[in-house]
Amino acid sequence: MKVTLSALDTHESSFTPLVVIELAQDVKEETKEWLKNRIITKKKDGGAQLSFRPLLNKYEKETLENQNLYLVGASKIRLLLGAEAVGLVKECSDNTMRAFTYGTRHSFRDFDDDNNDFLSMAERQFIIKHELENLRARDEKMIPGYPQAKLYPGKSLLRRLLTSGIVVQVFPLHDNEALKKLEDTWYTRFTLKFQPIDRIRGYFGETIALYFGFLEYFTFALIPMAIIGLPYYLFAWEDYDKYVIFASFNLIWSTVILEVWKRGCASMTYRWGTLVMKRKFEEPRPGYHGVLGINPVTGREEPLYPSYKRQLRIYLVSLPFVCLCLYFSLFVMMIYFDMEAWALGLHEDSGSEWTSILLYVPSIIYAIVIEIMNRLYRYAAEFLTSWENHRLESAYQNHLILKVLVFNFLNCFASLFYIAFVLRDMKLLRQSLATLLITSQILNQIVESLLPYWLQKKHHVQVKKKVEALKADIDATLYEQVVLEKEMGTYLGTFDDYLELFLQFGYVSLFSCVYPLAAAFAVLNNLTEVNSDALKMCRVLKRPFSEPSASIGVWQLAFETMSVISVVTNCALIGMSPQVNALFPESKTDLVLIVVAVEHMLLALKFILAFAIPDKPRHIQMKLARLEFESLEALKQQQMKLTAENLKEECREGGKEKAP
């Protein structure tokens, strides 16, 4: 029998704070009271049935500066019922993975009525977020106290409060004790070891755990490339036609590592329960707007926006803007080549050591300019994609990723393609590739981790002094934690992290036969990247909400596309080698045809390998098939039971009609 919230007492007078809601300083009291009531009211009456209290009581607000900060939590029963509502999948006592239900809770492994750790803190915070986001307007026409903030039935209250500026932010709190344990096993000791991926998942959720899992896997996958590439560099094999074996190895390597990752990813996400988690109907994203109407699928009232208007915005505004940015990127690239020619001419005229160092300056300046352009374009791409008014968050992300990847690919690799296939200067290609790779890695480490950590450390000292100066009888530890965390930067997702790895994969795979040392530099960078990213997640940024994920999503396709391009690039470079050209001294047409034929054969081999290596291990396939079979059997039993009940009802009705 399905257990409902109304049948259970989910109230707790004291609760563990899980989520913080910060309101604007000038929010009216009637709005606060309305929001509080909607959060604590029972589900059957349109509330979230959560626990809610201000961070400071009335006396403390008079003593301290007024902070509109509120703590949200939930009772154990409420969280378990929430776990059922969001479809969390947990491991049963018979080692199978099943969707959690409160009625069958005792059949799940590690569940006990006295055990508060059955749900991880990340899962509990995800449930709170889900419940807050699903608070919907009923008969309200506006937010109390704010007549301009209109509401309509079914509108998400939290999203309306955020877009109206009434709610400043909603963020989950760190668990300092659990965080310290995680840090001790993760990054505080700089040793070569595997990351505690399961612990990262338990604290931050599947999406972030998958990123760190992929980062670790990609780093280890680069080690064979680095080991094979080092002798080519150390023994000064300058003739790049001798790198044919290395390039051939790279073609197979780039395919195999991506296919093997899919298998490892499937094993991890099955263990975490997200591989078999049912996909929920996707709600409109917060920034989506349009004329109020009825959604033909859900029957709910929501904004509707004609798709042809969106297509016009994409093709008449976004596409020309992206093309203009690509043209500007090529223009900057030509300026870089003018600088290279100037530096080379200066060195040939003087021949001094200073001018030999000067040869690297144009590449360093160009690498810095590339990073600046990438970041500026990112802001423009976000604005344009938001302006296109996509209904779903997934559509928004796909269009944003496409825009950013196209520009970043051209911006980072256009100069290398130009040097390789137009100038045909392999020495300059090697120099440019090394400079771009190393400079971008150093800049990313400084901008993404070191600078934010220094700023956060400075702010932490200020908050500590402020709290120590307080004489009020308050929970200073909790107050300090909340005030400190609310000023931390917000983690914007794994987009930039995957983008950095994507570009690194391009540097390693596209021109590996020219600069085999690229893989070694990538390994060194990633070893520090693991620790700097871990530091950023734990100490620099707010804790992000957990997001269930079954894979790395569209990035898998992006990496596979890059590996296809690398096959074409390396085949062309091998075809341009003096050794291969010597085999066809008279007919270049034959050379081109043979190179194209080999390239097609290698692409065919690549796709055969991708097909031959299953995306999921055999034991995972069997478990998924078993789950599907049991689900169908359960559905069949349910239908048979319903049919039997209907027949009984018809027989009873027939008996009544025959009775005199």
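The structure displayed is predicted, hence computed values, not measured ones. (Residues numbered from 1 in each chain as written. Predicted model: local features only at pLDDT ≥ 70, side-chain atom pairs only at ≥ 80, totals over all residues. Heavy atoms only, no water.)

**Brief notes about the confidence of the model for the chain**
Put simply, the rule is: In predicted models, pLDDT denotes the confidence assigned by the predictor to each residue on a 0 to 100 scale. Here, two residues are considered to be in contact whenever any of their heavy atoms come within 4.5 Å of each other.
Of all residues in the chain, 87% attain a pLDDT of 70 or more, and the chain-wide mean is 81. In this model, residues 1–10 is a region of pLDDT below 50 whose contacts with residues beyond four sequence positions or in other chains number 21 contacts.

**Thoughts on the pairing of strand β1 (residues 19–23)**
Let me state the cut-off plainly: Buried means the residue's accessible area, taken with a 1.4 Å probe over protein chains only, is under 20% of the maximum for its type, while exposed means over 50%, and partly exposed covers the values in between. Only runs of H or I of at least four residues qualify as helices and only runs of E of at least two qualify as strands under DSSP, and these elements are numbered from the N terminus. In this scheme, strands are said to pair when DSSP sees at least two bridges between them.
For β1, the buried fraction is high: five of the five residues fall into the buried class. Neither face of β1 is left uncovered, since the one carrying V19, I21 and L23 and the one carrying V20 and E22 both have all their residues buried. Strand direction decides the pairing type here: β1 and strand β8 (residues 167–172), joined by five bridges, are antiparallel. Bridge pairing in β8 links E22 to Q169.

**Focus on the side chain of R201**
Operational definition: Polar contacts, as counted here, are pairs of nitrogen or oxygen atoms within 3.5 Å of one another; within protein the pair requires one atom able to donate a hydrogen and one able to accept it, and residues that are adjacent in sequence qualify only if both atoms are side-chain atoms.
Here R201 shows up in helix α7 (residues 197–204). Separated by 3.2 Å, the side chain of R201 and the backbone oxygen of W272 make a polar contact.

**Digging into the environment of P153**
Within the fold, P153 resides in the loop between β7 (146–150) and α5 (157–163). Take P153: its relative accessible area is 36%, and that puts it in the partly exposed class. A C-alpha to C-alpha distance of 8.3 Å links P153 and E302, two positions 149 residues apart in sequence.

**Focus on the pattern of salt bridges**
Note the cut-off: Counted as salt bridges are all cases of a side-chain nitrogen of Lys or Arg within 4 Å of a carboxyl oxygen of Asp or Glu.
A complete count under the given rule lists 25 salt bridges for this structure. In this structure, E131 and K43 form a salt bridge, with 3.0 Å as the shortest nitrogen-oxygen distance. Remark: K43 occurs in the loop between α1 (29–40) and β2 (51–54) and E131 occurs in helix α4 (residues 121–133); sequence separation between them is 88 residues. Judged by relative accessible area, K43 falls into the partly exposed class, the value being 34%. The shortest N-O distance in the salt bridge between D198 and R271 comes to 2.9 Å. Placement of D198 in helix α7 and of R271 in helix α9 (residues 244–272) is noted, with a sequence separation of 73 residues between them. Look at D198 and you get partly exposed, because its relative accessible area is 42%. On the basis of relative accessibility, which here comes to 43%, the residue R271 falls in the partly exposed class. What you see here is one network of salt bridges that share partners, running through K90, E123, R201 and E206.

**Concerning the environment of G553**
You can see G553 is positioned in the loop between α17 (518–540) and α18 (554–575). Judged by its relative accessible area of 40%, G553 falls in the partly exposed class. Along the chain, G553 and T207 lie 346 residues apart, while their C-alpha atoms are 9.9 Å from each other.

**Comments concerning the UniProt feature "transmembrane region" (unreviewed entry) in the chain**
The condition is simple: UniProt positions are given in the numbering used here, feature names are shortened, and annotations may be inferred rather than shown by experiment.
Taking the numbering used here, the UniProt-annotated feature "transmembrane region" (unreviewed entry) corresponds to residues 208–237, 243–261, 314–337, 357–377, 400–421, 501–524 and 591–613. Secondary structure across residues 501–524 divides into 71% helix and 0% strand, with the first and last C-alpha atoms of the span separated by 13 Å.

**Overview of the nonpolar core**
Side chains that are nonpolar tend, in soluble globular proteins, to be buried together. The line we're drawing: Take the buried residues of types Ala, Val, Leu, Ile, Met, Phe, Trp, Tyr and Cys, join any two whose side-chain atoms come within 4.5 Å, and each joined set is a nonpolar core.
In this structure, W186, I200, F204, F212, W253, F502 and W555 are the most contacted members of the largest nonpolar core, which totals 105 residues. Counting residues per element, this core draws most heavily on helix α8 (residues 206–234), which supplies 13 residues. For I200, the contacting residues outside a window of four places in its chain are L182, W186, Q195, G205, I208, A209 and F212. By size, the runner-up hydrophobic cluster in this structure holds 50 residues, among which are V19, W34, F111 and L135.

**Concerning the state of the cysteines**
Which entries qualify depends on this criterion: Pairs of cysteine sulfur atoms within 2.5 Å are what we label disulfides.
Applying the stated criterion to the full structure yields zero disulfides. Among the cysteines around C325, which has no disulfide bond, C323 carries the closest sulfur, lying 9.3 Å off.

**Some thoughts on the sheet that holds strand β3 (residues 69–73)**
Hydrogen bonding along the main chain pairs the strands of a sheet, whether they run parallel or antiparallel. Heads up, the condition is: Angles shown run from 0 to 180 degrees and are taken between the N-to-C directions of axes, each axis being a line fitted to C-alpha atoms and, for helices, limited to the stretch in contact.
Strand order in the open sheet made by the four strands is β2-β3-β1-β8, with antiparallel pairing throughout. The sheet is open, and its two edges are formed by β2 and β8, each paired on a single side. Across this sheet, the average inter-strand angle for adjacent strands is 20 degrees, counted without regard to direction. Direction of pairing for β2 relative to β3: antiparallel, over a ladder of four bridges. The residue bridging R53 from the neighbouring strand is L71, located in β3. Packing against the sheet, α4 makes contact with β1, β3 and β8, and its axis sits at approximately 40 degrees to β1.

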